[in-house]
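Reading the structure
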Amino acid sequence: MRLTDQEFNRVLVLKKLRASEPVARTDLVGLTGLTGGTITAITADLVRRGIVIEEKVATSGPGRPRVNLRINPQGRYVVGTTPTNEGELLTEIVNLRGESLGFAKAALTRDTTIEGLARQFITALEQALAEWDVPREEIYRIGIGIPGIVNNRTGIVEHIISLDSGPVDFGGIVGEALGVATLIDNSTNLLARAEHWYGAAAHADDFTLINIDLGIGAALYRGGQLVTGVHGMAAEFGHTKVVPDTGRACYCGGIGCLQAYCSVQSIMEQSCAQLGRPLPDFDRMNAAFDGLMAEQAAGRIDIGPILEQASHYLGVSVANHITMQDPEAVVILGPKFTMIEELRSIFFDALERNTFPALRRRTRLHFKLGDKGAYARGAAAMVLEQIYRCS
Ligand SMILES: [Zn+2]
């Protein structure tokens, strides 16, 4: 979703306000690089719409009192919701400042269809909204994160790894049942939004986020905007090829995808095959993976070569990405294996050797452990962006 210049300026003003409030209009000129006239027009509109409030500050000298601006914490509310791989639905309600007002966790029963999952969302959201006692009309939008292939323009879910194939009008079904409009996006895009709005990379405008979980996803921020393809799809970094034609089969139907070597699911598949163990159920996969890593650390099993191969191919893929995109930073969210020093050095070795020489060692790399709460925060941030950009 490209923003127009006007929308971009409005979001920029609100981002700077959020980071530095209370601020005077004159200070916003320096913070945003926009002209005084543009700041006056944008802030007048935001005050009129109740998104920003004015605060008069007494001054000792002569002249008009100084007026500070703040984001209005009251008024509209935003809900963000997203399922975890462990079969829970996490939901958070925030105000216009992005401050959390409530958090709910509901158990989802295993479903076989995307539509069935949408029905479960409805029940869990009804419950959370009743608990928070917030009138529906005060909720601007519900932001939904889906761990699958999603069209964020139409609200249609095309594919979720463990469920029957779509397409299903997920956003439409949930929105109609609850009487609140929805926005929907791929979970990884929401993690990037959480990183952009709340994370350590807060307000970083140019970075790529790679999320290693059961699957692998990536999202791109460029010039302060989340970039999605012209067809409304997110970047499918996990399905770029590392062993084309002759590699492992991937669930997407392709051969030799990064996902088939480096995702938690593929490492579990390879390890269980090597150890002669049954593959755990989808909702127990992350916990079983942690158990396997503990056995590996204690020297009871040896899945070292599988982990080394995963780290090597991740390095190759990130190198290709840097060569094509030249991002300022790459943030890699992952399970604990990405934190192991020996594997990290295999990653960096592959990165170094495969990046275009002129671009080597220029991109900042951040490794972070995944945080489940970031999904709901990112879903809420998606809606805040929508409010901030609209005139
Ligand atoms: Zn694939």
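Residues numbered from 1 in each chain as written. Predicted model: local features only at pLDDT ≥ 70, side-chain atom pairs only at ≥ 80, totals over all residues. Heavy atoms only, no water.

Right, let's talk about the coordination of the zinc ion for a bit. At this site the zinc ion is bound by His239 (ND1), Cys250 (SG), Cys252 (SG) and Cys257 (SG), with donor distances of 2.0 to 2.4 Å. The coordination sphere of the zinc ion comprises four donor atoms, whose angles at the metal cover 105 to 122 degrees; the geometry is tetrahedral. Of note, the zinc ion draws all its donor residues from one chain, in the sequence arrangement H-x10-C-x1-C-x4-C. Residue classification places Cys257 among the buried residues on the basis of a relative accessible area of 0%. (Donors = N, O, S within 2.8 Å, 3.2 Å for Na, K, Ca; no water. Tetrahedral: all angles 85-135°; square planar, octahedral: opposite > 155°, others 65-115°. Buried < 20%, exposed > 50% of the residue type's maximum accessible area, 1.4 Å probe, protein only.)

Attention now moves to the pattern of salt bridges. One pass over the structure, following the stated rule, counts 18 salt bridges. The salt bridge involving Glu126 is made with Arg136; its shortest N-O contact spans 2.9 Å. With Glu126 in helix 4 (residues 114-132) and Arg136 in the loop between helix 4 and strand 7 (139-146), the pair connects residues that are ten residues apart, well separated along the chain. On the basis of relative accessible area, Glu126 is assigned to the partly exposed category, the value being 30%. Accessibility expressed as a relative area gives 28% for Arg136, which makes it partly exposed. What you see here is one network of salt bridges that share partners, running through Arg10, Asp45, Arg48 and Arg49. (Salt bridge = Lys/Arg side-chain N within 4 Å of Asp/Glu carboxyl O. Helix = DSSP H or I, 4+ residues; strand = E, 2+ residues; numbered from the N terminus.)

Strand order in the open sheet formed by three strands is 1-3-2, and the pairing between neighbours is antiparallel. Among the strands making up the open sheet, the edge pair consists of strand 1 (23-24) and strand 2 (52-57). The pairing of strand 1 with strand 3 (residues 66-71) spans two bridges and is antiparallel. Across the sheet, the residue bridging to Ala24 is Asn68, located in strand 3. Sitting on the sheet, helix 1 (residues 5-20) touches strand 1, strand 2 and strand 3, and the angle it makes with strand 3 is about 100 degrees. (Pairing = 2+ DSSP bridges. Contact = heavy atoms within 4.5 Å. Axes fitted to C-alpha atoms, helices over the stretch in contact; angles between N-to-C directions.)

Parsing the chain into structural domains produces domain 1 (5-71), domain 2 (77-195 + 374-389) and domain 3 (202-370). Here the C-alpha centre of domain 2 lies 31 Å away from the C-alpha centre of domain 1. In this complex, domain 1 contributes eleven residues to the contact, which on the side of domain 2 involves six residues. For the domain 1 face of the interface with domain 2, the top three residues by lost area are Val11, Arg18 and Ile71, together amounting to 41%. In this structure, the connection of domain 1 to domain 2 is made through zero residue pairs in polar contact (both at pLDDT 80 or more). Listed by contribution, the elements that provide at least two residues to the side of domain 1 that touches domain 2 are helix 1 and strand 3. When residues in the side of domain 1 that touches domain 2 are grouped by element, the largest group, five residues, is from helix 1. Its residues placed into classes, the side of domain 1 that touches domain 2 shows four nonpolar, one polar and six charged. (Domains from an automatic or database assignment. Buried area = accessible area lost by both parts, 1.4 Å probe. Polar contact = N/O pair within 3.5 Å; in protein donor to acceptor, adjacent residues only side chain to side chain. Nonpolar A, V, L, I, M, F, W, Y, C, P; charged D, E, K, R; others polar.)

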